[in-house]
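# Coordinates in review
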Amino acid sequence: MKTFRYIHSVAVYVMLSVILILSGVGVYFNVYSAFNCDGVIPKIISYCVLAAICLILIAAVGSVIIKSQYVIKDGKLCLYFGVVSVKTDINDMVSITLIKKSNRLVAEFTGSRFSAVVIAPQYFDEFICSVREVKADIIYNVDSSGTEEPEE
């Protein structure tokens, strides 16, 4: 089993952080309101439900931050994105292309399906070797179109 950490962009980290902060404020506000609503049971229940929803959101976003990774195991490429997982058979993979312009790997599968592999560039070779351990005849391409400076 080989694991490669998914690389989030700065914008995604900012967005996830904002969601965590707002959810934390939501938990605080709803718990505070539940204790200070003069014992009206329907209000207490609604505040507790809203606080629980905020806690679930915190757990979901936290899991995306902590556990976003690709795992190659049992002949499958598995993407774990928080609580969501997607598994694809490596034997369905046709090729891997390095797009130089965006510095990303793109895997092509049978049936004209594509998937971007968002890992750190220093792990590209290790990722390709790990995939080739499962399926040795995977084609590896480098697409350098669009990376040169235009001539004046």
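Residues numbered from 1 in each chain as written. Predicted model: local features only at pLDDT ≥ 70, side-chain atom pairs only at ≥ 80, totals over all residues. Heavy atoms only, no water.

### Re the sheet that holds strand β7 (residues 113–117)
To be explicit about the condition: Criterion used throughout: strands pair if DSSP finds at least two bridges between them. By definition, any uninterrupted DSSP run of H or I lasting at least four residues is a helix, any uninterrupted run of E lasting at least two residues is a strand, and each is numbered from the N terminus. Here an axis means a line fitted to C-alpha atoms, over the contact stretch when the element is a helix, while the angle between two N-to-C directions is reported on a 0 to 180 degree scale.
Read across the sheet, four strands follow the order β7-β6-β5-β8 without closing on themselves; strand pairing throughout is mixed. Of all strands in the sheet, those with a lone pairing partner are β7 and β8 (139–143), marking the two edges. Averaged over neighbouring strand pairs, the angle between their axes works out to 25 degrees when direction is ignored. The pairing of strand β5 (residues 93–99) with β8 spans five bridges and is classified as parallel.

### What about the pairing of strand β6 (residues 104–109)?
Where we set the bar: Between buried and exposed lies partly exposed: a residue is buried under 20% and exposed over 50% of the maximum accessible area for its type, with that area taken using a 1.4 Å probe on protein chains only.
Alternating residues of β6 divide into L105, A107 and F109, all buried, and R104, V106 and E108, none buried. Inspection of the sheet shows β5 paired to β6 by six bridges, in the antiparallel sense. From the neighbouring strand, S95 faces β6, where its bridge partner is E108. The antiparallel pairing of β5 with β6 creates a hairpin that spans four residues between the two strands, and N103 there sits at a positive phi of about 55 degrees. Connecting β6 to the antiparallel partner β7 that follows it, the hairpin turn spans three residues, and G111 within it adopts a positive phi of roughly 80 degrees.

### Regarding the pattern of salt bridges
The condition that has to hold: Between Lys or Arg on one side and Asp or Glu on the other, a salt bridge is scored when a side-chain nitrogen of the former is within 4 Å of a carboxyl oxygen of the latter.
In this structure the tally under the stated criterion is one salt bridge. One salt bridge connects E126 with K2, and the closest N-O pair in it is separated by 2.4 Å. Separated by 124 residues along the polypeptide, E126 in helix α3 (residues 124–134) and K2 in strand β1 (residues 2–5) bring together distant segments of the chain. The class of E126 is partly exposed, set by a relative accessible area of 29%.

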